[in-house]
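Chain by chain, the residues:
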There are 2 protein chains.
Amino acid sequence: MLRINAGRLHRRLDDLAQIGALEDGGVRRLAFSDADRAGRDFVEEWMRDLGLTIHVDALGNIAGVRDGAEDGPAVWIGSHTDSVGRAGRFDGTLGVLAALEAVQTLDDEGVTTRRPVGVVSFVNEEGNRYAPGMMGSTYVADMISLEDARAATGTDGSTLGDELDRTGMAGSDNLRALPVHAFVELHIEQGPVLEGEGTTIGVVESVQGITWHQFTLAGESNHAGVTPMDTRRDAGYVAVAIATHVRQLGQTIERQRATVGALSVEPGFTNIIPDEALLRVDLRNPDADRLNEARERLIEFAEMAASGEHVGLTHEQLSWIDPVQFNAEVVGAVESAADALGYSHRRMVSGAGHDAQQMAAVAPSAMIFVPSVGGISHNPDEFTRPEDVEAGANVLLHAMLQLAEKA
Amino acid sequence: MLRINAGRLHRRLDDLAQIGALEDGGVRRLAFSDADRAGRDFVEEWMRDLGLTIHVDALGNIAGVRDGAEDGPAVWIGSHTDSVGRAGRFDGTLGVLAALEAVQTLDDEGVTTRRPVGVVSFVNEEGNRYAPGMMGSTYVADMISLEDARAATGTDGSTLGDELDRTGMAGSDNLRALPVHAFVELHIEQGPVLEGEGTTIGVVESVQGITWHQFTLAGESNHAGVTPMDTRRDAGYVAVAIATHVRQLGQTIERQRATVGALSVEPGFTNIIPDEALLRVDLRNPDADRLNEARERLIEFAEMAASGEHVGLTHEQLSWIDPVQFNAEVVGAVESAADALGYSHRRMVSGAGHDAQQMAAVAPSAMIFVPSVGGISHNPDEFTRPEDVEAGANVLLHAMLQLAEKA
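Residues numbered from 1 in each chain as written. Chains lettered and ligands numbered in written order. Predicted model: local features only at pLDDT ≥ 70, side-chain atom pairs only at ≥ 80, totals over all residues. Heavy atoms only, no water.

For the environment of A:Gly308, give the residues involved together with the corresponding values.
Mapped onto the elements, A:Gly308 comes out in helix α9 (residues 288-308). For A:Gly308 and A:Asp388, which are 80 residues apart along the polypeptide, the C-alpha to C-alpha distance reads 53 Å. (Helix = DSSP H or I, 4+ residues; strand = E, 2+ residues; numbered from the N terminus.)

What follows is the structure, given as structure tokens:
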């Protein structure tokens, strides 16, 4: 049974980790920075060595296609090589380099597939410098215009289009025009589930829906010593009550995750009852109805809590992204590959967003997860064990082979 | 029955409000600023017009003494004329100008008292520029040294001693050496109780005890989407749970006030579980045992909440000030004065700290409160109705007369 070359893959992972390396072992390849460009050059060079037909689109997405015995839609595999500001070396990178390794394995073993195979690396998946994230795959899925993407303002004040031009990352090809039979993305889990239960492969069958909500409260600042408890209009207390309810949503709605990431009160003096408070809430659920239930319960509770304290409430829905169900056939290909290779596996839901969820609008898609030690990600301490890296790449190879079919 | 001249008192209040006036009608006479010095000059000039014997101590506290028929301890009346950064025109000021008005009324009516009467204005009651507040009365009560007071660093980076020298506010007299028979302070309530129930005079029989507590929580930042609810170490959630408990303390312990004035979480991104949180708690109770109970329940709950979430907890007690019980005889003098004048009155506790609570260590003391419209204070909108200003000054006059005794 065909296996990837683990030593070669690890050398490539080490080499790419040198590009944008931080002193503490992490990496920083923010979208459309010089380091991001150098990372893409590294990928492009391997594609060239493999004799792939390279396509670069106007936003800098790159695809290298290996011919099949027949023309027609290709099986795409890949991920992204941009990173957050203080990243580890696996997020995204693993999916691109394992895809290249899988193609090289086909070459090494002289395998011809019926369908073409494309290795793809999407730009700006992280969205750390320019929002929104998953921008490259969103562009390929025709859900953002080139104009809107180029107009994005960076957290550093730069404009995406200017940096795209400066780094020369744009090309003149149109990835939207390439027909795709299926898409498979290998990624680290970024969560503790696989490592916690000792499972090697996550067969990702869906991506959670996400909705973000911001609440601002306007009460009355008063002296903490002289204001009776029952006449207070404490904006901070209402924020605290809402935050408590958020945790309850996560505990009472099936498969619900509910987080208060931002919470602050003004003026912030110990002896002054806060007259202003702000909180931001992140709700996720793989089921759209349950996610909507969480959202409605949250808003209803917030209105009740504010009204009970005679505090003004402003609510803003910052985002709503529907859950994505991956394609049963592609999910099945991943599962049977893991099974055939003898790796322990489980079906699971992705908690984070990934390029595959945008590609699901273009072609049947699925994902493969491998364990993240301690569930740590977006951090220089991010780590996936060598044997799990190898297992994930082998599953990617065989899922791709099953979808592309040996000629 | 003797009455103060309300028109004259209001003209003086208007005149003093011009010193350090803000454009929006408020005042700013931060301790040891030029405006503070000008405010004290205004008071000193009225003392001089009244022929009082003026004493200024090394910290700038000023007392003007009117002779009694006999020598011996004087009845002191007064408050302070420094202000917070954006203040109203009544806080402190009323107590000093009403005291001068009461003495002038004695002159107008040719009244001689058996005991001397001293009008006092303490420096730096607010502590807004230089901590701690109530500094002038604390110095007179011999609870802070001149060296420590002079060494205080201002929020503007200045040193108190330098500003004291620059403004020339210090004198060479020793107020600690002047014998005091009793002290009465008229002040605005700064809370909503009197106005809320339509009562004119608050007979203040005690000042709440105060204790401040700071909690810092250290959890683990993780991805909001991929981290299961039951494995989180959410520092923000623990802060929220403690804040909820603080409100419960205020609702379940008799006469307890409990406030979270400061609350923040880090890193503050919507999709990141906070790994750091800070909250500051203000607890007040007129009963020392109950205040201690609140403190112990707070700390116990915080430890339990942190431990339940596997979050590290650091607790720091920032302050503990015992409750002060005013002297029964002086409280009685205030009450019978209000009664004799036909004003509605009630006994009450001061929620805020005042110079009288430090003077209680020097001599039998009590306070008179008049209503604050809407309970608003430390704000240009601070307002006490003219008829209440007049009523408070009349009660001060008669309480003073009862304690000093007509000759």
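Lay out the relation of the copies chain A and chain B with the relevant residues and their values.
Mapping chain A onto chain B calls for a rotation angle of 179° and an axial translation of 0.1 Å; the resulting RMSD is 0.2 Å. Given the turn and translation reported, the copies of this chain are related as if by a two-fold rotation axis. (Least-squares fit on C-alpha atoms with pLDDT ≥ 70 in both.)

Can you tell me about the environment of A:Ser372, naming the residues and giving the values?
Residues and elements named next belong to chain A. Considering the arrangement of structural elements, one finds Ser372 in the loop between β13 (365-370) and α12 (386-404). Spatially, the C-alpha atoms of Ser372 and Glu293 are 31 Å apart, while their sequence positions differ by 79 residues. Ignoring anything within four residues of it in the chain, the contact list for Ser372 reads Ile188, Glu189, Gln190, Gly191, Glu195, Phe383 and Thr384. Here the side chain of Ser372 touches Gln190 through a polar contact of 2.8 Å, landing on its backbone nitrogen. (Contact = heavy atoms within 4.5 Å. Polar contact = N/O pair within 3.5 Å; in protein donor to acceptor, adjacent residues only side chain to side chain.)

So what's going on with the interface of chain A and chain B? Which residues, and what values?
Of the residues lining the interface, 49 residues belong to chain A; the matching set on chain B comes to 49 residues. Both faces considered, chain A and chain B share a buried interface measuring about 4000 Å² in area, 59% of it formed by carbon and sulfur atoms. Among the residues of chain A in contact with chain B, A:Met229, A:Arg247 and A:Thr270 are the three that bury the most area, contributing 19% of the side total. Summed over the shared surface of chain A and chain B, the result is two salt bridges. (Buried area = accessible area lost by both parts, 1.4 Å probe. Salt bridge = Lys/Arg side-chain N within 4 Å of Asp/Glu carboxyl O.)

I'd like a rundown of the side chain of A:Glu163, residues and numbers included.
Residues and elements named next belong to chain A. In this fold, Glu163 is placed in helix α6 (residues 160-167). Engagement of the side chain of Glu163 in a polar contact is seen with the side chain of Arg129, the distance being 2.8 Å. Here the side chain of Glu163 touches Arg166 through a polar contact of 2.7 Å, side chain to side chain. With residues up to four places along the chain from it excluded, the contact list for Glu163 reads Phe32, Arg129, Tyr130 and Ser158.

Explain the packing of aromatic side chains residue by residue, including any values.
Overall, the coordinates contain six aromatic pairs over all chains when judged by the stated rule. On the numbers, 6.1 Å between centres and 75° between planes, the contact of A:Phe90 with A:Phe383 is edge-to-face. With a gap of 293 residues between them, A:Phe90 in the loop between β3 (74-80) and α3 (93-109) and A:Phe383 in the loop between β13 and α12 connect regions that are remote in the sequence. Arranged with centres 5.9 Å apart and planes meeting at 75°, the rings of B:Phe122 and B:Phe183 form a pair that is edge-to-face. Within this pair, whereas B:Phe122 is found in strand β4 (residues 117-122), its partner B:Phe183 is found in strand β5 (residues 180-188), the two being separated by 61 residues in sequence. Of the two residues examined, B:Phe122 and B:Phe183, each falls in the buried class. (Phe/Tyr/Trp six-rings, centres within 6.5 Å; stacked < 30°, edge-to-face > 60°. Buried < 20%, exposed > 50% of the residue type's maximum accessible area, 1.4 Å probe, protein only.)

Would you mind going over the pairing of strand β4 (residues 117-122) of chain A in detail, with residue names and values included?
Every regular strand shows the same layout, with side chains that alternate between the two sheet faces. Residues and elements named next belong to chain A. Among the six residues of β4, six are classified as buried, and the element is accordingly described as predominantly covered. Both faces of β4 are covered, namely the face carrying Val117, Val119 and Ser121 and the face carrying Gly118, Val120 and Phe122. For the crossover from β3 across α3 to β4, the handedness is right-handed. (Right-handed = clockwise from strand over helix to strand, strands pointing away.)

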